[in-house]
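# Structural description and commentary
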Amino acid sequence: MKKLILSLIIIALCLVGCMSEEDKANELIKKELFKTLYDFESYEPIETIIDSSFTTIYRDSVIMSYAYIKQVYSDLIDEEIEEIKDIGSSMEVWVGSRSSYGRSKIKKLKERVLTSQAKFDTYAPKLLEIDSLILKEINAFTPSYVGIQAKHKFRAKNKVGNFTIGNYLYIFDDKLTKVISVINLDDNEEEKIQKIIDGK
């Protein structure tokens with residue numbers, strides 16, 4: 001009996017040791033997807049591409065935090081530009097008015113312009129400052145080895161029962177024993193942040 005148990009343990013260890021990197025990655029991915037997919041039973045792997053994983057400027061926490069701050073200031077500036085355009089359109093309606101109501105409207109619109117301009121003048125230098133900080137971090141950045149990564153594409157049913165395609169990047173430790181992070185490659189927000197970092 002002891003010999004049988006020992007033999008089974010040896011066989012199990014051999015099977016684990018003989019698994020390819022792709023097999024190990026797929027097993028870890030399946031465990032991860034079991035936790036997150038709405039209908040795991042419908043999961044169908046399509047493709048797994050294994051490669052070495054290195055740190056990048058797009059996953060650097062400092063650069064990413066600056067990119068998010070830059071996005072906030074960009075949005076605030078866009079809001080003030082839209083506000084000034086809206087005020088300009090309103091002024092066209094009231095500019096020829098001689099009534100006290102019309103003059104009052106023009107006065108209020110001018111006050112709104114000054115407020116928007118003051119906000120714009122506050123946000124614009126901060127945006128330039130963040131840009132220079134991002135550039136400084138990019139120039140100082142040196143990629144380093146993290147472990148192994150796998151681009152994994154699969155099909156699975158969503159909440160309404162339709163098949164959708166998932167396209168994810170899984171980053172593992174160098175021994176392929178655990179998932180370090182998961183990135184949705186089809187996430188628009190991810191792409192947006194990359195463009196901000198690139199200055200586009």
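Just so it is clear, the model here is predicted, and its values are computed rather than measured.

Our focus in this paragraph is the sheet that holds strand β1 (residues 39-54). Within the open sheet, the four strands sit side by side as β1-β2-β3-β4. Their pairing is antiparallel. At either end of the open sheet lies a strand with only one pairing partner, and these are β1 and β4 (179-184). The average angle at which neighbouring strand axes cross in this sheet is 25°, direction not considered. Pairing analysis gives 11 bridges linking β1 to strand β2 (residues 145-157), with the strands arranged antiparallel. If you follow F54 over to β2, its bridge partner there is Y145. Along the sheet, helix α2 (residues 21-36) contacts β1, β2, β3 (163-172) and β4; its crossing angle with β1, the most-contacted strand, is approximately 130°.

Residues with a pLDDT of 70 or more make up 91% of the chain, whose mean pLDDT is 88. In this model residues 12-16 is a low-confidence stretch, pLDDT under 50, and it forms one contact with partners more than four residues away in sequence or in other chains.

Inspection of the secondary structure puts I84 in helix α3 (residues 61-94). In this structure, the C-alpha to C-alpha distance between I84 and V113, residues 29 residues apart in sequence, is 6.1 Å. If we skip the residues at most four places from it in the chain, I84 touches S116 and Q117.

A separate point is α3. Think of an α-helix as turning once every 3.6 residues; residues three or four places apart then point the same way. Between its first and last C-alpha, α3 extends 50 Å over 34 residues, near the 50 Å set by a 1.5 Å rise per residue. Restricting attention to buried positions, one finds in α3 the residues I63, M64, A67, K70, Q71, Y73, S74, I77, E80 and I87. Those residues of α3 that are buried lie in contact with α4 (100-140) and α5 (188-198). Sitting at the amino-terminal end of α3 is D60, which places a side-chain oxygen 3.2 Å from the backbone nitrogen of V62.

What counts and how
- Residues numbered from 1 in each chain as written.
- Predicted model: local features only at pLDDT ≥ 70, side-chain atom pairs only at ≥ 80, totals over all residues.
- Heavy atoms only, no water.
- Pairing = 2+ DSSP bridges.
- Helix = DSSP H or I, 4+ residues; strand = E, 2+ residues; numbered from the N terminus.
- Axes fitted to C-alpha atoms, helices over the stretch in contact; angles between N-to-C directions.
- Contact = heavy atoms within 4.5 Å.
- pLDDT = per-residue confidence, 0-100.
- Expected span 1.5 Å × (residues − 1).
- Buried < 20%, exposed > 50% of the residue type's maximum accessible area, 1.4 Å probe, protein only.
- Polar contact = N/O pair within 3.5 Å; in protein donor to acceptor, adjacent residues only side chain to side chain.

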